[in-house]
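Structural overview for review
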Amino acid sequence: KNEVEQSPQNLTAQEGEFITINCSYSVGISALHWLQQHPGGGIVSLFMLSSGKKKHGRLIATINIQEKHSSLHITASHPRDSAVYICAVSSTGNQFYFGTGTSLTVIP
Amino acid sequence: DSGVTQTPKHLITATGQRVTLRCSPRSGDLSVYWYQQSLDQGLQFLIHYYNGEERAKGNILERFSAQQFPDLHSELNLSSLELGDSALYFCASSFGLAGIRTDTQYFGPGTRLTVL
């Protein structure tokens with residue numbers, strides 16, 4: 001049983017398209033994290049949120065605590081957005097659970 | 001550059017051996033987290049230290065141990081290595097007042113361990 005489920009697993013988009021990645025979780029959480037992992041392997045934290053919505057540039061993250069669901073949106077996608085996007089949750093039990101990631105490829 | 005450093009970058013060793021991975025957190029960060037990323041299991045949380053004390057344990061095997069030293073660097077010790085231990089090992093750090101629950105984490109570049 002996976003505490004965090006992500007969809008889709010793989011996503012290919014044309015440059016400029018609006019992209020949505022979804023994340024559902026089954027545990028009580030203190031916070032939800034969206035991470036980006038580039039082909040070289042490095043991981044960057046994009047967002048940490050516990051309610052509502054956050055925006056950084058072309059990236060928007062939302063969370064619905066009642067439905068235990070979060071979405072990551074990328075507006076006006078660009079080839080440099082190509083990466084693996086990982087949803088993770090900090091549980092109220094002091095654990096950290098990861099989704100399996102969404103591999104995004106943006107084609108020029 | 002996240003400010004978190006990990007050494008070595010790559011490590012190749014044989015089954016049954018013991019290795020030590022090192023992590024230096026960002027300046028001022030008191031928390032260090034260790035994660036394992038393997039092809040079949042994805043990313044998994046191993047352990048969290050805050051200011052020298054263990055705060056949370058995840059899926060860490062008994063053959064693995066960690067510690068955080070007074071200068072706040074941390075080491076992950078892996079012993080009796082098996083083929084399945086081959087993975088990328090990341091550490092991350094955060095300021096850490098809230099611990100794993102609500103702090104933004106900054107990830108190191110990882111150590112790639114290959115067990116032959």
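Residues numbered from 1 in each chain as written. Chains lettered and ligands numbered in written order. Predicted model: local features only at pLDDT ≥ 70, side-chain atom pairs only at ≥ 80, totals over all residues. Heavy atoms only, no water.

Quick look at unusual backbone geometry
The linkage connecting Ser7(A) with the following residue, Pro8(A), adopts the cis geometry, with an omega of -5 degrees. Take Pro8(A): it is sitting in the loop between strand S1 (4–7) and strand S2 (10–14). Cis geometry is found at the peptide bond from Thr7(B) to Pro8(B), where omega equals -10 degrees. If you trace the backbone, Pro8(B) turns up in the loop between strand S1 (5–7) and strand S2 (10–13). At Asn94(A), a residue that is not glycine, the phi angle is positive and equals roughly 60 degrees. Checked against the element boundaries, Asn94(A) lands in the loop between strand S9 (83–91) and strand S10 (96–98). (Helix = DSSP H or I, 4+ residues; strand = E, 2+ residues; numbered from the N terminus.)

A short note on the pattern of salt bridges
Residues and elements named next belong to chain B. Inspection of the entire model under this criterion finds 4 salt bridges over all chains. Its salt-bridge partner being Glu-82, residue Arg-63 comes within 3.7 Å of it at the nearest N-O pair. Of the two residues, Arg-63 sits in the loop between strand S6 (53–57) and strand S7 (64–68) while Glu-82 sits in the loop between strand S8 (74–78) and strand S9 (87–94), which places them 19 residues apart along the sequence. The salt bridge partner of Arg-63 is Asp-85, with a shortest N-O separation of 2.8 Å. Pair noted here: Arg-63 is in the loop between S6 and S7 and Asp-85 is in the loop between S8 and S9, with a separation of 22 residues, a long-range link. Shared partners join several salt bridges into a network, and the residues in it are Arg-63, Glu-82 and Asp-85. (Salt bridge = Lys/Arg side-chain N within 4 Å of Asp/Glu carboxyl O.)

Observations concerning the environment of Gln95(A)
Residue and element names in this part refer to chain A. The residue Gln-95 is located in the loop between S9 and S10 in this model. Accessibility expressed as a relative area gives 17% for Gln-95, which makes it buried. Through-space distance from the C-alpha of Gln-95 to that of Ile-29 is 9.3 Å; in sequence the pair is 66 residues apart. (Buried < 20%, exposed > 50% of the residue type's maximum accessible area, 1.4 Å probe, protein only.)

Considerations on the sheet that holds strand S3 (residues 19–25) of chain A
All names here are of chain A. Ordered in space as S1-S3-S8-S7-S6, the 5 strands form an open sheet in which the pairing is antiparallel. Two strands lie at the open edges of the sheet, namely S1 and strand S6 (52–56), each paired on one side alone. Geometrically, the sheet is characterised by an average inter-axis angle of 15 degrees between neighbouring strands, direction not taken into account. Note: S3 against strand S8 (residues 69–74), 6 bridges, orientation antiparallel. Its bridge partner being in S8, Ile-19 is matched across the sheet by Ile-74. (Pairing = 2+ DSSP bridges. Axes fitted to C-alpha atoms, helices over the stretch in contact; angles between N-to-C directions.)

Re the interface of chain B and chain A
Between chain B and chain A, the contact holds 17 residues from the first and 16 residues from the second. Summing both sides of the interface, chain B and chain A together bury roughly 1500 Å²; the carbon and sulfur share of this comes to 60%. The interface formed by chain B and chain A includes 0 salt bridges. Across the chain B-chain A interface, the total number found is 2 residue pairs in polar contact (both at pLDDT 80 or more). Among the secondary structure elements, those contributing two or more residues to the side of chain B that touches chain A are strand S4 (31–38), strand S5 (42–50) and S6 of chain B. For the side of chain B that touches chain A, the residue count by class is 7 nonpolar, 6 polar and 4 charged. (Contact = heavy atoms within 4.5 Å. Buried area = accessible area lost by both parts, 1.4 Å probe. Polar contact = N/O pair within 3.5 Å; in protein donor to acceptor, adjacent residues only side chain to side chain. Nonpolar A, V, L, I, M, F, W, Y, C, P; charged D, E, K, R; others polar.)

Let's talk about the sheet that holds S1(B)
The strands making up a sheet associate through hydrogen bonds between their backbones, and the pairing can be parallel or antiparallel. Residue and element names in this part refer to chain B. With respect to topology, 4 strands assemble into an open sheet ordered S1-S3-S8-S7, the strand pairing being antiparallel. On the outer flanks of this sheet lie S1 and S7, each paired with one strand and no other. Taking each pair of neighbouring strands and ignoring which way they run, the sheet shows an average axis angle of 15 degrees. Relative to S8, strand S3 (residues 19–24) runs antiparallel, the two sharing 5 bridges. Bridge assignment links Val-19 to a residue of S8, and that residue is Leu-78.

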